[in-house]
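Take a look at the letters that make up each chain.
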Amino acid sequence: MSASQANGGKSVDHGSLSGELDEPGDNATSHEVDLPRIERAVREILFAVGEDPDREGLRETPARVARMYRELFSGLHTDPRIHLQKFFTEKYDEMVLVKDISFNSMCEHHMLPFIGKAHIGYVPNGKVVGLSKLARVVEEISHRPQVQERMTEQIANLLVEELGVKGVAVVIEAAHSCMSIRGVRKPDSLCVTSAMKGLFRSNLSSRSEVMNLIYGGK
Ligand SMILES: Nc1nc2c(ncn2[C@@H]2O[C@H](COP(=O)(O)OP(=O)(O)OP(=O)(O)O)[C@@H](O)[C@H]2O)c(=O)[nH]1
Ligand SMILES: [Zn+2]
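Residues numbered from 1 in each chain as written. Chains lettered and ligands numbered in written order. Predicted model: local features only at pLDDT ≥ 70, side-chain atom pairs only at ≥ 80, totals over all residues.

Quick word on the overall build of the protein chain
Helix and strand counts for the protein chain stand at nine helices and seven strands. When contacts within the protein chain are restricted to residue pairs at least 6 apart in sequence, long-range pairs at least 24 apart make up 71% of them. (Helix = DSSP H or I, 4+ residues; strand = E, 2+ residues; numbered from the N terminus. Contact = placed C-beta atoms within 7 Å.)

Structure representation (structure tokens):
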């Protein structure tokens, strides 16, 4: 069965930001999450692990889990770039940093949460966005099956593409449940990823400055 057949005929490009939507630019859900299908699958899982999905405590569980997945994967049906298209023009050309943007995402390997903080610094090139828009971008990009590296790159690329920034630095730190509650069981491990573009990549002092602002005093 192909990925698109398994997905009920809908093709989803997990690796890029374009091509995911029926109508790019429209942030409304363009195709609904198939809740009954998730419910059937969860019921099957409960059977498969040796549970009785009809016992009182589990009766509502498939429907609950279906609603939960709709929420956790809501970013599959939205286009985060629209938030950056609401920019305004400002002469400011120093760094803007929004740090400690908390997020939760789902690791695509195990469908377990990874939870942490994103820090986004950028040097505008005329276009500045409302600070909340950076957090909205993180929200939508994290609410998909993800790997941390891709999420980091996607956020940085979006600022380059939509704002034409002189530089952008995205640093993400997160704890992965798939490493803490199962498998290798290392509950204290933290994964840190960074994507540096433009002057943050080419200029060592800009890179040091943003890293100091993120981690200074910690
Ligand atoms: N690079 C990267 N790896 C991730 C991320 N989330 C989960 N992983 C890793 O994905 C890998 C999947 O490895 P597999 O060998 O296919 O699966 P597994 O047998 O369940 O692996 P273990 O976790 O080692 O038990 C694991 O090493 C996870 O730690 C992520 O965001 N980035
Ligand atoms: Zn995982």
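Brief notes about the packing of helix α2 (residues 35-48) against helix α3 (residues 61-72)
Where α2 contacts α3, the axes come no closer than 8 Å and their chain directions differ by 125 degrees. With respect to α3, the element α2 is oriented oblique. The element α2 and its partner α3 pack so that their crossing is right-handed. Every residue of α3 that contacts α2 at L35, I38, E39, V42 and R43 is listed here: T61, P62, A63, V65, A66, Y69 and R70. Within the contact of α2 with α3, the residues separate by chemical class into eight nonpolar, one polar and three charged. (Axes fitted to C-alpha atoms, helices over the stretch in contact; angles between N-to-C directions. Parallel < 35°, antiparallel > 145°, perpendicular 65-115°, else oblique. Left-handed = near helix turned anticlockwise from the far one by under 90°. Nonpolar A, V, L, I, M, F, W, Y, C, P; charged D, E, K, R; others polar.)

Description of the site of ligand 1
Near ligand 1, the surroundings consist of C107, H109, V147, Q148, E149, H176, C178, M179, G183 and V184. Of all the secondary-structure elements, those providing two or more residues to the shell around ligand 1 are α6 (148-163) and α7 (177-180). Class assignment of the residues belonging to the shell around ligand 1 gives a composition of five nonpolar, four polar and one charged. (Near = placed C-beta within 6 Å.)

Points about the sheet that holds strand β3 (residues 112-123)
The pairing of strands in a sheet comes from backbone hydrogen bonds and takes either a parallel or an antiparallel form. Across the sheet, five strands lie side by side as β5-β2-β3-β6-β7; this open sheet has mixed pairing. At either margin of the open sheet sits one strand with a lone partner, and together these are β5 (145-146) and β7 (191-198). Judged from the eight bridges that link them, strand β6 (residues 167-176) and β7 form a sheet pairing that is antiparallel. By the bridge assignment, G167 is partnered in β7 with G198. (Pairing = 2+ DSSP bridges.)

Observations regarding the UniProt feature "domain: GTP cyclohydrolase I" (unreviewed entry) in the protein chain
In the numbering used here, UniProt assigns the feature "domain: GTP cyclohydrolase I" (unreviewed entry) to residues 38-214. For residues 38-214, the end-to-end C-alpha separation is 40 Å, with 42% helix and 27% strand making up the annotated structure. (UniProt positions renumbered as here; feature names shortened; annotations may be inferred.)

Side note on helix α5 (residues 131-142)
Here α5 contains twelve residues, and its C-alpha end-to-end distance of 17 Å stays within 8% of the 16 Å for a straight helix at 1.5 Å per residue. Those residues of α5 that sit buried are L134, R136, V137, V138, E139, E140, I141 and S142. Against α4 (81-84), β2 (96-107), β3, β5 and α6 lie the buried residues of α5. (Expected span 1.5 Å × (residues − 1). Buried ≥ 20, exposed ≤ 12 C-beta atoms within 10 Å, placed from the backbone.)

Focus: the environment of V165
Note that V165 resides in the loop between α6 and β6. Between the C-alpha atoms of V165 and P145, which are 20 residues apart in sequence, the distance is 27 Å. Excluding its chain neighbours within four sequence positions, the residues that come into contact with V165 are Y122, V123, P124, N125, L159, V160 and G198.

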